[in-house]
Amino acid sequence: MTVRTAPPPVHPADDWRFPAAEESRIPNGIRVLAYHCPGQHVVAASLLFDVPLEIEPRDKEGVAALTARCLVRGAGTRTAEEFADALALCGADLDAAAFSDGFAVRLSTPVTSLGAALDLLADAVVRPALDDGEFEHEKALHLQEIDQARAYPQHVAGEQLNAALFGTSRSARPGGGVPATVEVIERADVVAFAGDHLQPRTATMIAAGDFSTVDVTTEIERALGGWSHQGLPPADKVPIDVSQTAQVILVDWPDAPQSTLRVAGPGITRADEAWQALFVANYAVGGNFSSRINTVLREQKGVTYGANSSLDTSRGIGIMTVGTAVRADETAQSVADIVDILRSAAGTLTADEVATAVRATTESAALGFERAEAVVGRVEMLLAQGLPADHVDVNLARLREVTAEAANTAYARVVRPDQLTVVVVGEAGDLREPLSSWGYGPVREASPGDV
Amino acid sequence: DNGLRVVVSPTPGLGVVAVNLWYDVGSRHESPHRQGFAHLFEHLMFQGSRHVKSGDHFALLQGHGAALNATTSFDRTNYFESMPAGVLDVALWLEADRMAYLDDALTQENFDNQVDVVAQERSQRMDNVPYGTVFEKALPLVFDADHPYGHLPIGNMSHLGEATLDEVSAFHATFYMPNNAVLSIVGDVSEEEAFGKADEYFGHIPAGAAPDRKLPAPLEPVTGARRLDVLEDVPSPAIWFAYRLPADTATGRELSAVRLATSIIGEGETSRLHRRLVRRDQIAMSAGLGLNPLIAGNSLGVGSVRAVPSQDLDEVAATFGAVVAEFADEGPSELELNVARASAERDWLDEMGTAAGRADALSSCALLFDDPDLLNERLHVLRSVTADEVRAAAQLWLCAGGNAQVRVLPSKTDDVEALG
């Protein structure tokens, strides 16, 4: 038997397509999108409401997150504990979440319990108890969790980055509110939030799973068809500006063995015609293990376990962020390396890098959407950001067309390596001087709760 | 003929295929002076082999849309990739090349680099994370420091700093051979094709002298006070509880009974610990109990409570103990048992939801117990365990015996009196 000395050939895959949606509308206004995914015996579903976080009153930020917590603490005829038992007997999970572009009630359940689990989801949305004792306990836990989260450097880096990038907009501040705004929220605020904003006419139910033995659309209509509540009209979305000024924010983290870093600036939205070209450029620069950034910081210098860059979007807004944690004594050198790599990438993305990025990002689609949960998660994100549900296939087709020239053009148009926001969470006593000497931008010090 | 066990599970039309290799080597096989070596070695498996340049392993696979990684645990090391079906040959070729010919590509530079990377991995996961090193501190308390499970796979960075390149070659020669591994191929490939490819890419690798599997005798549950108190810069006091549990076995009946017990006592919002400590007494933000199935004599149980700020930990520990004792005394209600079974079945369905999950589970059953069909069998066992068995298991393993405790007290508040 001979030993092969070079990689065997790859057999190209047929172009994969996103599962087809079966779309309908319940008479009460709920739009239903059902995706049959063979072999996915755990169904994922999300009831998405068109409620951006920016509608929260400024002095009671966190009311959406607190409403989300309280919705699943007892509903219909069941107390909180009876409700939890009923879900658990189904083998189901039910959670609600408030995020910048929407409010979602998310269910995952074995398909064999789908009907019963949908009834529980409907109870939570239509007939939540919002009990006084449960509200007080959830509020206390929420405040404690805000406090706990600030002991984690990655969380603090993220909060500081948002605060520095997004000016005075809602996105600059923590999604779950801050202690001062959560403290003053009362049960009546949660009841009002649910009543004002959770309503069938702004809702979309997205469900995916192996539906070969169940009529999911009928089940959804049975569970939610009787809901006729009318709340406030959907709010207008306010455009957000992203900082384009070089700045360095230093958060003191005494004795940190590593510094946690974020380097970010404006990106573009998924609706932008250059989205696919920028996506490919980002993949090459920092979006995969063999990227320029990870190769230098991890595989050459060994100063980190991993470094990557990502394009993050919400409705009307996009940012590009490099994130990593590096050995403390290599902090200033590493942020300088990152900015240098971003600078040198302009105009230098090669045909090879771009071809690899196009292949990798398109051929990984079948894998990325293997789970029902991933299918629902993507559709939820697209709808919340105002994009059509069939965007995945459109996006893949456009990705396949990206050339090196297009990637370089998009990168040059969007990425401004000299106007970035740099957040460093590390030992300030050691970092103040080297970060100032670097001379990238003014160094401002912040404390973890300072957002 | 070289002793490589190959497991194939076709899913026609999926478009995706998963490759998963389990090697029968983990942190329990390490020399006491080289804690963390199995995991460092795993990193070096990505640095190239005779026909693969450094960096090419990731580039070739990710560049064709694959997702890949490897993990090192107490009992085993697994290497895995999921990809479009047409990339299967590349994955098998890469895995075979590093199984057979890692030595040719080892360099001091790559070795030194990965020692540095592992140190940063440890910092990121543990040293720079609140409570990040508590689990590590619990292990030598519940087992002894020289027990195979007395240290974490991430290991000791000063041990790794003293390690040499020759030790990497020796480790490969000792543990990395076809007859010390299981290969699973799951997804969009026919049975015949998958076995054919396994033979094509791995068939030329000679069998080696596979190490005998030496398992230590089971230890009785912990007796006496095993407790460590530490002051750290954390926002809230917390306790970890570690238990010696029965080892995992082929049918795993006793461990299944313990699993149902820990699930009822400590898994999720329906659990007794959550309802007592978080909801009723409101002395904790979270409370749970889970288990880590292991084969060398004992499995490991781990409970943890994140107390509310300023909470006295003696009260937390006493309440935790009372919840466990009450369960061991009265056993599960029918509702609790049904909830625990539903939860176990749900976990199983989640694991089976991807080709990668199925491949990993098949490798596990085949490597640890030489029987991939256990994948289905073990769910039947879980369904058939009775309330009496659950109560007896809790009595013996969670109650009659004790546990080891690590208590973490905030160093920067006035909570120090809570040291108790």
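Before reading on, note that the structure itself is shown above.
Not measured: the values here are computed from a predicted model. (Residues numbered from 1 in each chain as written. Chains lettered and ligands numbered in written order. Predicted model: local features only at pLDDT ≥ 70, side-chain atom pairs only at ≥ 80, totals over all residues. Heavy atoms only, no water.)

**Student:** Kindly report on the overall build of chain B, identifying the contributing residues and their values.
**Tutor:** Of the regular secondary structure elements, chain B holds 15 helices and 10 strands. At 23 Å, chain B has a C-alpha radius of gyration in line with the 22 Å of a compact globule built from 420 residues. Within chain B, contacts between residues at least 6 apart in sequence are counted, and of these 81% link residues at least 24 apart. Accessible area of chain B: about 15100 Å², with a carbon and sulfur share of 50%. (Helix = DSSP H or I, 4+ residues; strand = E, 2+ residues; numbered from the N terminus. Rg over C-alpha atoms; globule rule 2.2 N^0.38 Å. Contact = heavy atoms within 4.5 Å. Areas by Shrake-Rupley, 256 points an atom, 1.4 Å probe, with all protein chains shown as cover.)

**Student:** Account for the overall build of chain A, naming residues and giving values.
**Tutor:** Across its full length, chain A holds 17 helices and 12 strands. Relative to the globule expectation of 22 Å for 451 residues, the C-alpha radius of gyration of chain A, 24 Å, shows essentially globular dimensions. A principal-axis box enclosing the C-alpha atoms of chain A has dimensions of 65 × 60 × 45 Å. The burial tally for chain A puts 57% of its 451 residues in the buried class. When contacts within chain A are restricted to residue pairs at least 6 apart in sequence, long-range pairs at least 24 apart make up 80% of them. As displayed, chain A offers around 17600 Å² of accessible surface, 50% of which is attributable to carbon and sulfur atoms. Taking the 36 positively charged and 61 negatively charged side chains of chain A as two groups, their mean positions are separated by 3 Å. (Buried < 20%, exposed > 50% of the residue type's maximum accessible area, 1.4 Å probe, protein only. Lys, Arg positive; Asp, Glu negative; His and termini not counted. Charge placed at Lys NZ, Arg CZ, Asp CG, Glu CD.)

**Student:** So what's going on with the interface of chain B and chain A? Which residues, and what values?
**Tutor:** With 67 residues of chain B at the interface, the matching set in chain A holds 65 residues. Surface buried jointly by chain B and chain A totals about 5600 Å² across both partners, of which 56% is contributed by carbon and sulfur atoms. Where chain B packs against chain A, one counts 6 salt bridges. With a closest N to O distance of 3.1 Å, R279(B) and E81(A) form a salt bridge. Where chain B touches chain A, the interface holds 27 residue pairs in polar contact (both at pLDDT 80 or more). (Buried area = accessible area lost by both parts, 1.4 Å probe. Salt bridge = Lys/Arg side-chain N within 4 Å of Asp/Glu carboxyl O. Polar contact = N/O pair within 3.5 Å; in protein donor to acceptor, adjacent residues only side chain to side chain.)

**Student:** Could you give me a rundown of a negative patch on the surface, with the residues and numbers involved?
**Tutor:** Together, D131(A), D132(A), E136(A) and E186(A) line one region of the surface with negative charge. With relative accessibility at 42%, the residue E136(A) sits in the partly exposed group. (Patch = residues over 30% accessible without salt bridge, like charges linked within 9 Å, V, L, I, M, F, W, Y side chains within 5 Å.)

**Student:** Lay out the sheet that holds strand β8 (residues 284-292) of chain B in plain terms, naming residues and giving numbers.
**Tutor:** Residue and element names in this part refer to chain B. Read across the open sheet, the 5 strands follow the order β6-β10-β7-β9-β8; overall the sheet is mixed. Only two strands of the sheet have a single neighbouring strand rather than two, namely β6 (226-232) and β8. Sheet twist, expressed as the mean angle between neighbouring strand axes with direction ignored, is 15°. Pairing of strand β7 (residues 238-246) with strand β10 (residues 404-410) involves 5 bridges; the strand directions are antiparallel. Paired with A238 across the bridge in β10 is V408. Sitting on the sheet, helix α11 (residues 313-330) touches β6, β7, β8, β9 (298-307) and β10, and the angle it makes with β7 is about 30°. (Pairing = 2+ DSSP bridges. Axes fitted to C-alpha atoms, helices over the stretch in contact; angles between N-to-C directions.)

**Student:** Pulling in residues and values, what's your account of the sheet that holds strand β12 (residues 443-446) of chain A?
**Tutor:** Residues and elements named next belong to chain A. Ordered by their spatial adjacency, 6 strands build an open sheet running β9-β10-β8-β11-β7-β12, and the pairing between neighbours is mixed. Each edge of the sheet is formed by a strand with only one pairing partner; in this case those strands are β9 (304-314) and β12. Ignoring which end each strand starts from, the neighbouring axes of this sheet average 20° apart. One ladder, built from 9 bridges, connects β9 with strand β10 (residues 317-327); its direction is antiparallel. For D312, the partnering residue across the bridge sits in β10 and is I319. Strand contacts of helix α10 (residues 292-300): β9 and β10, with the helix running at about 155° to β9, the strand carrying the most contacts.

**Student:** Outline the environment of Q35(B), supporting the account with residue identities and numerical values.
**Tutor:** Residues and elements named next belong to chain B. Relative to the helices and strands, Q35 resides in the loop between β2 (16-23) and α1 (37-44). Accessibility expressed as a relative area gives 16% for Q35, which makes it buried. Between the alpha carbons of Q35 and S158 there is a distance of 9.1 Å; along the sequence they are 123 residues apart.

**Student:** Go over the packing of helix α12 (residues 351-363) of chain A against helix α15 (residues 391-400) of chain A with me, naming the residues and quoting the values.
**Tutor:** Residue and element names in this part refer to chain A. α15 packs onto α12 with a crossing angle of 160° between their chain directions and a minimal axis gap of 9 Å. When the axis of α12 is compared with that of α15, the two are roughly antiparallel. Here α12 runs over α15; the crossing is left-handed. Residues V358, T361 and T362 of α12 lie in contact with α15, whose contacting residues are L396, L399 and R400. Partitioned by chemical class, the residues of the contact of α12 with α15 number 3 nonpolar, 2 polar and 1 charged. (Parallel < 35°, antiparallel > 145°, perpendicular 65-115°, else oblique. Left-handed = near helix turned anticlockwise from the far one by under 90°. Nonpolar A, V, L, I, M, F, W, Y, C, P; charged D, E, K, R; others polar.)

**Student:** Would you mind going over the environment of S334(A) in detail, with residue names and values included?
**Tutor:** All names here are of chain A. Looking at where S334 falls in the secondary structure, it is placed in helix α11 (residues 331-345). Residue S334 is classed as buried on the basis of its relative accessible area, which comes to 1%. Residues S334 and L297 lie 37 residues apart in sequence; the distance between their C-alpha atoms is 7.3 Å. If sequence neighbours within four positions are ignored, S334 has contacts with L261, L297, V303 and V326.

**Student:** Summarise helix α7 (residues 187-197) of chain A; cite the residues concerned and give the values.
**Tutor:** Buried within α7(A) we find D189(A), V190(A), F193(A), A194(A) and H197(A). Along the axis of α7(A), the buried residues cluster in a sector spanning 130°; they form a single face. (Arc of directions from axis to C-beta.)

**Student:** Give a detailed account of the pattern of salt bridges, specifying residues and quantitative values.
**Tutor:** Applying the stated rule across the entire model yields 58 salt bridges over all chains. We note a salt bridge from R298(A) to E299(A), for which the minimum N-O separation is 2.6 Å. Residues R213(B) and D24(B) are paired through a salt bridge, measuring 3.0 Å at the closest nitrogen-oxygen approach. Taken together, the residues R213(B) in the loop between α8 (191-202) and β6 and D24(B) in the loop between β2 and α1 connect sequence positions 189 residues apart. By relative accessible area, R213(B) is classed as partly exposed at 35%.

**Student:** Break down the packing of aromatic side chains for me, with residues and values.
**Tutor:** In the structure shown here, the tally under the stated rule is 23 aromatic pairs over all chains. Between W275(A) and F279(A), the aromatic rings sit 5.8 Å apart at their centres with planes inclined by 40°, giving tilted as the arrangement. Here F279(A) and W275(A) lie together in helix α9 (residues 275-286), a separation of 4 residues that amounts to about one turn. Accessibility expressed as a relative area gives 29% for F279(A), which makes it partly exposed. Through pairs of rings, three or more aromatic residues link up here, namely F289(A), Y23(B), F37(B), F41(B), F46(B), F58(B), Y79(B), F171(B), F175(B) and Y176(B). Here the guanidinium or amino end of R76(B) rests over the ring plane of W22(B), the centre of that ring lying 4.7 Å away. The ring centre of F46(B) lies 4.6 Å from the NZ or CZ of R98(B), which sits over that ring. (Phe/Tyr/Trp six-rings, centres within 6.5 Å; stacked < 30°, edge-to-face > 60°. Lys NZ or Arg CZ within 6 Å of the ring centre and 35° of its normal.)

**Student:** Could you give me a rundown of empty space enclosed by the protein, with the residues and numbers involved?
**Tutor:** Empty pockets left among the atoms are what a rolling probe the size of a water molecule brings to light. Residues and elements named next belong to chain A. Tallied over the entire structure, the rule returns 4 cavities of 30 Å³ or more. Approximately 70 Å³ is the volume attributed to the largest cavity. Here the lining of the largest cavity takes 4 residues from strand β8 (residues 258-266), the largest share from any one element. Of the residues that constitute the lining of the largest cavity, the class distribution is 9 nonpolar, 1 polar and 1 charged. Within this model, the second largest cavity holds a volume of roughly 50 Å³. Taken together, D50, V51, P52, I55, D196, H197, Q199, T202, L232, P233, P234 and A235 make up the lining of the second largest cavity. (1 Å grid on protein atoms, 1.4 Å probe; cavity = no way out; pocket = protein on both sides within 12 Å on 5 of 7 lines; lining within 4 Å. Points joined across faces, edges and corners; volume = space filled by probe spheres on them.)

**Student:** Please give an account of the environment of R4(A) that cites residues and values.
**Tutor:** By the element assignment, R4(A) lies in the segment before β1 (21-25). For R4(A), a relative accessible area of 35% translates into the label partly exposed. Note: C-alpha distance between R4(A) and F18(A) (14 residues apart in sequence) is 36 Å. If we skip the residues at most four places from it in the chain, R4(A) touches P9(A), H51(B), W93(B), E200(B) and Y201(B).

**Student:** For unusual backbone geometry, give the residues involved together with the corresponding values.
**Tutor:** In this structure, L130(A) takes a positive phi of about 45° despite not being glycine. Relative to the helices and strands, L130(A) resides in the loop between α3 (114-126) and α4 (132-149). Phi is positive for Y131(B), which is not a glycine, with a value near 65°.

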